[in-house]
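# What the coordinates show
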Amino acid sequence: MVVLNDEMKKMLANNLAYIATVDEQGNPNIGPKISVHLLDDSHIIYYERTGGQHFRNLTANQKMVIGVSNEETMKGFRFHGTIVLHKDDQIFKDAVDYADQRGLKRPKVVPEMTVTRVDYLDAGAKAGTICMQD
């Protein structure tokens, strides 16, 4: 498990993140998720509201990549990890409460990723190189 540094935390907190998953045949799926945020220094969650293709992919293989970058600075990170799906526990209940308090659609499930590797998404020579790995 990787421990995220302050730069990574700020990047996730202040920019739109995209998640990527693959289905059982290896077909990729990518999409923006406005609810991506840190659970703690090594775990990232989001609220899966549609129960669509990303949910089916995560159910099939429990792997996800999250990409986040800043257009102005041309810097970013790609977070790799494995997923646990929360449906009936405190993490899920907290997500439902959050949605209810803000008039948002309730999540169907809350994927929690344990970060196992971080790559740079910076423009230039560092692009795609490993930044941290467990």
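Since the structure is predicted, the reported quantities are computational estimates derived from the model, not experimental observations.

What counts, and where the lines are drawn
Residues numbered from 1 in each chain as written. Predicted model: local features only at pLDDT ≥ 70, side-chain atom pairs only at ≥ 80, totals over all residues. Heavy atoms only, no water. Buried < 20%, exposed > 50% of the residue type's maximum accessible area, 1.4 Å probe, protein only. Helix = DSSP H or I, 4+ residues; strand = E, 2+ residues; numbered from the N terminus. Arc of directions from axis to C-beta. Contact = heavy atoms within 4.5 Å. pLDDT = per-residue confidence, 0-100.

Those residues of helix α2 (residues 53-61) that fall on the buried side of the exposure criterion are H54, N57 and L58. Buried residues of α2, seen end-on, are gathered within an arc of 95° and therefore sit on one face of the element. On its buried face, α2 is in contact with β1 (17-22), β2 (28-33), β5 (63-70), β6 (75-86) and β7 (110-120). Q62, located one to two residues past α2, shows a positive phi value of around 55°.

All right, on to the environment of V96 then. With respect to the secondary-structure elements, V96 resides in helix α3 (residues 90-102). When the C-alpha atoms of V96 and V110 are compared, they prove to be 9.6 Å apart, with 14 residues separating the residues in sequence. Residues within four places of V96 in sequence aside, it is in contact with R106 and P107.

This part is about the confidence of the model for the chain. Per-residue pLDDT for the chain averages 95, and the proportion of residues at 70 or more is 100%. When mean pLDDT is compared element by element in the chain, β7 scores highest at 98, while α3 scores lowest at 93.

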